[in-house]
Amino acid sequence: MDDPVSLVCPRDRGELRRGSAALSCAGGHRYPLADGIPVLLLANEVPTHAACWVSLEEAQAGPGSDPLTTGAQGIDPVVQAVVAATCGGLYRHLVGRLETYPIPELPLPPGNGELFLEIGCNWGRWCVAAARSGYRVVGIDASLEAIAAARRVAHQLGVEATYFVADARHLPFPDGSFDIVFSYSVFQHFAKTDALTSFDEIGRVLRPGGLAKLQMANVYGARSIWNQLREHRIREPRRLFDIRYWSPGELRDELSRRVGPTALEVDGFFTLNPQSADLELLPRRYRLVVRTSEALRRVSGRLPPLRYAADSVYAVSRRARAGG
Ligand SMILES: [Zn+2]
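Below: a short report on this structure. (Residues numbered from 1 in each chain as written. Predicted model: local features only at pLDDT ≥ 70, side-chain atom pairs only at ≥ 80, totals over all residues. Heavy atoms only, no water.)

## Brief notes about the pattern of salt bridges
For the structure shown, the criterion picks out 15 salt bridges. Its salt-bridge partner being Glu 250, residue Lys 192 comes within 2.9 Å of it at the nearest N-O pair. You can see Lys 192 sitting in helix α5 (residues 192–205) and its partner Glu 250 sitting in helix α7 (residues 248–258), a full 58 residues away along the chain. What makes Glu 250 partly exposed here is its relative accessible area of 28%. Through salt bridges with shared partners, a single network forms among Arg 13, Asp 175, Glu 201 and Arg 204. (Salt bridge = Lys/Arg side-chain N within 4 Å of Asp/Glu carboxyl O. Helix = DSSP H or I, 4+ residues; strand = E, 2+ residues; numbered from the N terminus. Buried < 20%, exposed > 50% of the residue type's maximum accessible area, 1.4 Å probe, protein only.)

Here you go:
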């Protein structure tokens with residue numbers, strides 16, 4: 001299968017030529033292929049996630065075992081190990097015990113072949129949802145292990161999706177490539193300067209009229225406030241991948257400037273991640289949290305001020321058309 005999008009050098013956006021072990025641009029930049037997966041990271045950048053360093057080392061270490069058949073039976077071992085990290089603390093009891101892949105419901109209308117980019121896809125749960133919903137899917141993540149797992153899961157589920165190891169701040173795609181850019185539980189972990197650089201990149205790779213839908217943590221959310229008092233107090237988060245809370249006004253201003261007119265939608269209350277599609281997988285006490293969150297989300301459609309108390313929000317930005 002041909003890639004649904006062309007790749008460019010993430011440093012200078014020059015054309016990339018694919019050799020047997022690496023991709024290279026006319027400017028002399030080289031990006032290794034690990035089991036055929038392009039690893040388009042910049043070695044001299046301070047990473048957004050510790051996985052970036054690991055990915056570069058692994059890619060340079062050379063090919064591993066058969067990329068698509070490892071873990072072909074049952075649930076992929078990488079997904080078994082990371083489910084609480086990718087889906088949230090409410091899924092902790094499922095680590096090592098998954099019997100099915102928790103595939104969420106995509107919060108977008110069904111697609112008709114539109115090109116969909118997920119940033120920070122990990123093992124690809126949203127990519128699977130988007131592919132099943134009719135989009136042509138490209139997923140990127142800084143972790144080679146996650147991207148290798150995403151390829152295996154897509155293969156196992158019979159879903160078509162294309163995956164690359166790449167950095168959200170240096171997207172390896174030409175301008176105006178995508179109809180949709182989606183991201184969940186990624187930019188809420190970025191340092192704000194890194195998130196802003198990434199928002200500029202999202203604006204760049206979206207086609208005019210295209211849509212970005214990014215999940216973020218709201219500083220005024222009820223549980224956000226509690227967590228901030230308890231864990232962060234007044235200090236700035238220092239660790240990589242700490243949660244950074246944004247105010248609705250800040251999100252709207254920054255994304256409007258960098259992508260296009262932006263509105264906020266509620267994702268959930270009290271926690272940052274659980275999906276109602278996964279209710280059956282959750283213990284009873286958590287189901288109540290998810291159901292209450294869903295009910296409040298519906299009410300917020302009629303009572304917009306309630307959005308300000310949501311813990312998890314989507315910022316939805318429409319890329320300006322010609323001249324924007
Ligand atoms: Zn280059």
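## Focus on the coordination of the zinc ion
The reference angle at a metal is 109.5 degrees if four donors form a tetrahedron and 90 or 180 degrees if six donors form an octahedron. Within the protein, the zinc ion binds to Cys 9 (SG), Asp 12 (OD), Asp 12 (OD), Cys 25 (SG) and His 29 (ND1); these donor distances fall in the range 2.1 to 2.8 Å. Every donor residue of the zinc ion comes from the same chain, spaced as C-x2-D-x12-C-x3-H. Accessibility expressed as a relative area gives 9% for Cys 25, which makes it buried. (Donors = N, O, S within 2.8 Å, 3.2 Å for Na, K, Ca; no water.)

## Details of unusual backbone geometry
Located in the positive-phi region is Asp 35, a residue other than glycine, with phi close to 50 degrees. Examined against the element boundaries, Asp 35 turns out to sit in the loop between β3 (30–34) and β4 (37–40). Owing to a relative accessible area of 30%, Asp 35 belongs among the partly exposed residues under this scheme. Despite not being glycine, Asn 122 shows a phi value in the positive range, around 50 degrees. Among the secondary structure elements, Asn 122 is positioned in the loop between β5 (115–119) and α3 (125–132).

## A look at α5
In a regular helix each residue adds 1.5 Å, so 14 residues correspond to 20 Å; α5 covers 20 Å between its end C-alpha atoms and thus fits that length. Taken across its 14 residues, α5 has 10 buried, putting it largely inside the fold. All of the buried residues along α5 are Asp 194, Ala 195, Leu 196, Ser 198, Phe 199, Glu 201, Ile 202, Gly 203, Arg 204 and Val 205. Buried residues in α5 make contact with β5, β8 (178–183), β9 (206–217) and α7. (Expected span 1.5 Å × (residues − 1). Contact = heavy atoms within 4.5 Å.)

## Remarks on the environment of Ile 225
Tracing the backbone through its elements, the reader meets Ile 225 in helix α6 (residues 222–232). Between the C-alpha atom of Ile 225 and that of Asp 311, which follows or precedes it by 86 residues, the distance is 8.8 Å. Excluding residues within four positions of it along the chain, Ile 225 makes contact with Val 219 and Tyr 220.

## A short note on the sheet that holds β4
Read across the sheet, 11 strands follow the order β1-β2-β3-β4-β7-β6-β5-β8-β9-β11-β10 without closing on themselves; strand pairing throughout is mixed. Both outer strands of the open sheet, β1 (16–18) and β10 (262–268), are each paired with one neighbouring strand and no more. Direction aside, the axes of adjacent strands within the sheet are offset by 25 degrees on average. Across six bridges, β10 lies against strand β11 (residues 312–318) in antiparallel orientation. (Pairing = 2+ DSSP bridges. Axes fitted to C-alpha atoms, helices over the stretch in contact; angles between N-to-C directions.)

## Some details on the packing of aromatic side chains
Tallying each qualifying case throughout the model produces 12 aromatic pairs. Note on Tyr 101 and Trp 123: the rings are 5.7 Å apart at their centroids and 40 degrees apart in plane angle, and the pair reads as tilted. With a gap of 22 residues between them, Tyr 101 in the loop between α2 (77–87) and β5 and Trp 123 in the loop between β5 and α3 connect regions that are remote in the sequence. Neither residue differs from the other here; Tyr 101 and Trp 123 are each classed as buried. One aromatic cluster is present, built from ring pairs that chain together Phe 116, Trp 126, Tyr 135, Phe 182, Tyr 184 and Tyr 314. Positioned above the aromatic ring of Trp 246 is the side chain of Lys 192, whose terminal nitrogen or guanidinium carbon lies 4.8 Å from the ring centre. Directly above the aromatic system of Tyr 286 lies the positively charged group of Arg 285, at a separation of 4.6 Å from the ring centroid. (Phe/Tyr/Trp six-rings, centres within 6.5 Å; stacked < 30°, edge-to-face > 60°. Lys NZ or Arg CZ within 6 Å of the ring centre and 35° of its normal.)

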